[in-house]
Structure formats: structure tokens, C-alpha cells
Amino acid sequence: MIHIEKLTKYYNELCAVDRIDLDINKGEVLGLLGPNGAGKTTTLRVLTGFLKPTSGSIRINGYNIDEHLLQIKGLIGYLPESAPLYYNMLVFDYLNFVADIRGIESNKKLTRIRELSDLCGLNEVMHKSIGELSKGYKQRTGLAHAMMSNPEILVLDEPTSGLDPNQIVEIRKIIKQIGKEKTIIFSTHILSEAEATSDRIVIINQGKIVADGSAQSLKGSGQSESSVNIALKGPDFESVKDLFSADNTIVRIEPDDNGNDDIVRIKLYCRSSSDLMENIYKKIKATDWVLVELHQDTKTLEKIFRELTMEQ
Ligand code: ATP
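### Some details on the overall build of the chain
Okay, so step 1: For the chain, the helix and strand inventory stands at eleven helices and 14 strands.
Okay, so step 2: Taking the principal axes of the C-alpha coordinates as reference, the chain spans close to 80 × 45 × 30 Å.
Okay, so step 3: Residues counted as buried form 46% of the 312 residues belonging to the chain.
Okay, so step 4: When contacts within the chain are restricted to residue pairs at least 6 apart in sequence, those whose partners lie at least 24 apart make up 68%.
Okay, so step 5: Here the chain has roughly 16100 Å² of accessible surface; of this, 47% comes from carbon and sulfur atoms.
Okay, so step 6: In the chain, which carries 38 positive and 44 negative side-chain charges, the distance between the mean positions of the two groups comes to 5 Å.

### Overview of helix H5 (residues 135-147)
Okay, so step 1: Its 13 residues give H5 an end-to-end C-alpha distance of 18 Å, which sits within 8% of 18 Å, the value for a rise of 1.5 Å per residue.
Okay, so step 2: Extensive coverage of H5 is indicated by the burial of twelve of its 13 residues.
Okay, so step 3: Listing the buried residues of H5 in full gives Gly 136, Tyr 137, Lys 138, Gln 139, Arg 140, Thr 141, Gly 142, Leu 143, Ala 144, His 145, Ala 146 and Met 147.
Okay, so step 4: If you follow the buried residues of H5, they end up packed against strand E6 (76-79), helix H3 (91-101), helix H4 (106-119), strand E7 (153-157) and helix H6 (165-179).

### Some remarks on the sheet that holds strand E1 (residues 2-11)
Strand pairing in a sheet relies on backbone hydrogen bonds. The paired strands run either parallel or antiparallel.
Okay, so step 1: Taken in spatial order, the four strands of this open sheet run E2-E1-E4-E5, and their pairing is antiparallel. Either end of the sheet is taken by a strand with one partner, and the two such strands are strand E2 (14-24) and strand E5 (63-64).

### Focus on the domain arrangement of the chain
Okay, so step 1: As assigned here, the chain comprises domain 1 (2-219) and domain 2 (226-306).
Okay, so step 2: The centre of domain 1, based on its C-alpha atoms, is set 46 Å off from the matching centre of domain 2.
Okay, so step 3: Contact with domain 1, which involves ten residues of that partner, is made by five residues of domain 2.
Okay, so step 4: Both faces combined, the contact of domain 1 with domain 2 buries some 710 Å², and carbon together with sulfur accounts for 83% of it.
Okay, so step 5: Here domain 1 is connected to domain 2 by zero residue pairs in polar contact (both at pLDDT 80 or more).
Okay, so step 6: Per-element tally for the side of domain 1 that touches domain 2: the top contributor is helix H8 (residues 215-220), with three residues.
Okay, so step 7: In terms of residue class, the side of domain 1 that touches domain 2 is built from seven nonpolar, one polar and two charged.

### A closer look at the pattern of salt bridges
Here the idea is simple: oppositely charged side chains can pair when their charged atoms come close.
Okay, so step 1: The final tally for this structure, using the stated rule, is 14 salt bridges.
Okay, so step 2: The shortest N-O distance in the salt bridge between Lys 6 and Asp 21 comes to 3.9 Å. Of this pair, Lys 6 sits in strand E1 while Asp 21 sits in strand E2, placing them 15 residues apart in sequence.
Okay, so step 3: With a shortest N-O distance of 3.1 Å, Lys 282 and Glu 278 are connected by a salt bridge. Of the two residues, Lys 282 and Glu 278 are both situated in helix H10 (residues 276-285); the distance of four residues between them amounts to about one turn of the helix.
Okay, so step 4: One network of salt bridges, in which partners are shared, links Asp 18, Arg 19 and Lys 208.

### A word on helix H9 (residues 237-244)
Okay, so step 1: Buried within H9 we find Phe 237, Val 240 and Phe 244. All buried residues of H9 project into a common sector of 65 degrees when viewed along the axis, lining one side.

### So, the site of the ligand
Okay, so step 1: Taken together, 13 residues lie around the ligand, and Gly 37, Gly 39, Lys 40, Thr 41 and Thr 42 are the ones closest in.
Okay, so step 2: Within the side chain of Thr 42, a nitrogen or oxygen atom sits 2.5 Å from an oxygen atom of the ligand.
Okay, so step 3: The side chain of Glu 158 places a nitrogen or oxygen atom 3.3 Å from an oxygen atom of the ligand.
Okay, so step 4: Within the complex, 60% of the 630 Å² of free accessible area of the ligand lies under protein.
Okay, so step 5: For the shell around the ligand, the element with the highest residue contribution is helix H1 (residues 40-47), accounting for three residues.
Okay, so step 6: For the shell around the ligand, a count of residues per class yields five nonpolar, five polar and three charged.

Here is what the cut-offs are and how they apply
- Residue indices follow the written sequence of each chain, beginning from 1 at its first position.
- Selection of residues for local features in this predicted model requires a pLDDT of at least 70, selection of side-chain atom pairs for listing and counting requires 80 or more, and totals for whole chains, interfaces and linings are taken over all residues.
- Side-chain figures throughout are based on the complete set of non-hydrogen atoms in the structure, without hydrogens or water.
- Secondary structure elements are taken from DSSP: a helix is a run of H or I of four residues or more, a strand is a run of E of two residues or more, and numbering for both begins at the N terminus.
- Only protein chains enter the accessibility calculation, which uses a 1.4 Å probe; a residue whose area is less than 20% of its type maximum is buried, one above 50% is exposed, and one in between is partly exposed.
- By the convention used here, residues are in contact when the closest approach between their heavy atoms is within 4.5 Å.
- To be clear on the numbers: accessible area is Shrake-Rupley with a 1.4 Å probe, and residue cover counts the displayed protein chains and nothing else.
- Working convention for charge: Lys and Arg count positive, Asp and Glu count negative, and His plus the chain ends are omitted.
- Throughout, a charge is located at the NZ atom of Lys, the CZ atom of Arg, the CG atom of Asp or the CD atom of Glu.
- The span expected for a helix works out to 1.5 Å for each residue beyond the first.
- We treat two strands as partners when DSSP finds at least two bridges between them.
- Marked domain ranges trace back to an automatic or database domain assignment.
- What gets called buried area is simply the loss in accessible area from a 1.4 Å probe that two parts show on being joined, summed for both.
- Any N or O atom pair separated by 3.5 Å or less is treated as a polar contact, with the protein-specific requirement of one donor-capable and one acceptor-capable atom, and with residues adjacent in sequence counted only for side-chain atom pairs.
- Under the grouping applied here, Gly and all other residues not named as nonpolar or charged are polar, the nonpolar ones being Ala, Val, Leu, Ile, Met, Phe, Trp, Tyr, Cys and Pro and the charged ones Asp, Glu, Lys and Arg.
- Criterion for a salt bridge: a side-chain nitrogen of Lys or Arg within 4 Å of a carboxyl oxygen of Asp or Glu.
- To be clear, the arc concerns the directions from the helix axis to the C-beta atoms.
- Residue proximity to a molecule or strand is established when one non-hydrogen atom of the residue lies within 4 Å of it.

Right under this line is the structure:
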């Protein structure tokens, strides 16, 4: 549906987006995740035709953005980071105005406004002025604006930025609901946000894509080595080392934070293997030691994000 090839954007000497290749499928909810200044907003502004790229190409539903900007703008609803709203207008009047500029026929306007009001949870503030609304409701109004012409694609720049935790949950729910029918690309620098809302996460850093996949697949990626923690009553460190010395799935064995008690704590670094825990358990079971603890460290998305976006 969306095909981005070698997309590059310079601001004078500064390369904000650096040869990005990305294909986004119909119906995907894609979280564009990256630290501040990674190039998320620039990518979204170029994708929506609000900025011209320095080089590279964007095709959406077969339209090339250089030649068919108007058609592409018609396919996309865009919610910028600070949605430009008219604060002195009532929510209803504002949506009515947006419906007019989007060319919604007058006999269909009311139905469309009602649909969006239900979807975005605006019913109770329809007759309030936008300036009086909380940030969460302002964001919902911006979302209704972006969806007025029922676009196939929604592009949301940091849609939960500055919202309180309850408002964040509400906006996430709305995004998930809309994502059942639409293609959504949203940016965030909050990991849990990307994980909770998207099918696919693209991590961008210094203008480049550094990871692309589901939260689950990213957690599994790069995991060539994993570690297992065990705590035992009975043996000393050297005896445990001897027990596992012939096991070639175990790369190294290190003592781990031994306290003053009679429990020996050990970290086993292993080559990833599905039956890792079972192997270790069976070996220990064959001894007369008491197994106090056995658990595998899992790589968190936070850890992957830090590894991928740490300053070089
Ligand atoms: P944030 O999460 O802070 O919004 P971002 O990932 O959206 O960051 P961008 O806003 O795209 O990142 O910025 C990428 C780089 O381009 C940054 O170094 C930024 O300072 C720079 N930049 C952005 N807009 C402009 C501009 N109009 N002129 C010059 N440099 C810019």
C-alpha cells in the first residue's frame, strides 16, 4: 500500500532522514518509535506531503507523491503533534467547518459528525468551546478532524504526547478501534505505547531504521546468547561449574551476587535453545542439591531500544 524508497531529508547540512526504505501494508498499525530528534516528525511530514524530500520516492496505492500529491493527500488523514484547532469555536461548529472544507455533502454532514463523535468519544463536549477542553479532548477533536473524510490511512504524530495516563489509555483505545479498519502510522518515543498499540514497530535513530518487526520478534532478535539464573543449596561454585562443563550449549558460567547465606547463585550464559531450562533442570535433578531458583532472563523491549539507539 505504502512504498517508501531511499527517502532522505536534509535541513541544510543536517540529515534528518537518511535513505529510509519501508513498505507498509494495508491494515497495519505501525508504531514509528525513536528518541527525540530521531527523524520521526520529518518522516511523517514528508509522507503526508507537507515537506518535500531531498531525494527518494514515496508511492501510495500506486500514486507517486511527486506527481499525484492531491490524490495522496486525499488518502491520508494527518494529526500533527500539536493539532491546529480554533480554540474559540465549539467542537460541533469546528467539525461542521471541517466537514465543509472536506467537501462532505450537506445532507451527510450530521451523520458523519455523529459517527466521529461516537468513535472519538466527543459526545459530552460537542457544545463546549475547544479552548475549554482538556488536552485529551483536544486530541480527540484533532483525531475526528483527521478522520472526517474517512481516509484509508491515518498518520498520527505523537498522539498521546502530554496526556495524563487516563487520557493515554483512552486515545490508545480509539487508535486500536480505528486500526481494525484503517492503516495507521503513529510516532512515539514511548516504548510501552508502541508495544500496546501497534502490530509492527519500526525503530528509527539518527534518521535511519535500526529495527523493524513485531514487539515479540524484536524481543527475540539479536538474542544469540541468553542467561539463566540458578540458586542452589548444597554445592560450591566449582562443583556447579564441573556439572555443566561438558555441556556445549553453555558458553560461560559466572558466580552471581552471592550473599552470606549458604545458597550459591550462578549465572549460566547459553546459546539460545528452546529446551535450555529443561536441560539445566534435568542435570540438577540428578544431584542431591536443592534447587532454590531457576529462571531465564528475557530481553526486554527497553533493553533492545537502548542498545539500538544509544549514542555511538
Ligand atoms: P521529537 O521526538 O523530538 O519530535 P523527531 O524524532 O520527531 O523528534 P524530527 O523533529 O524529525 O525528530 O527532527 C530530526 C532532526 O531534524 C533533529 O535533529 C531536528 O533538530 C532537525 N529538524 C527538525 N525540523 C527542522 C527544521 N525545520 N529545520 C532544521 N532542522 C530541523
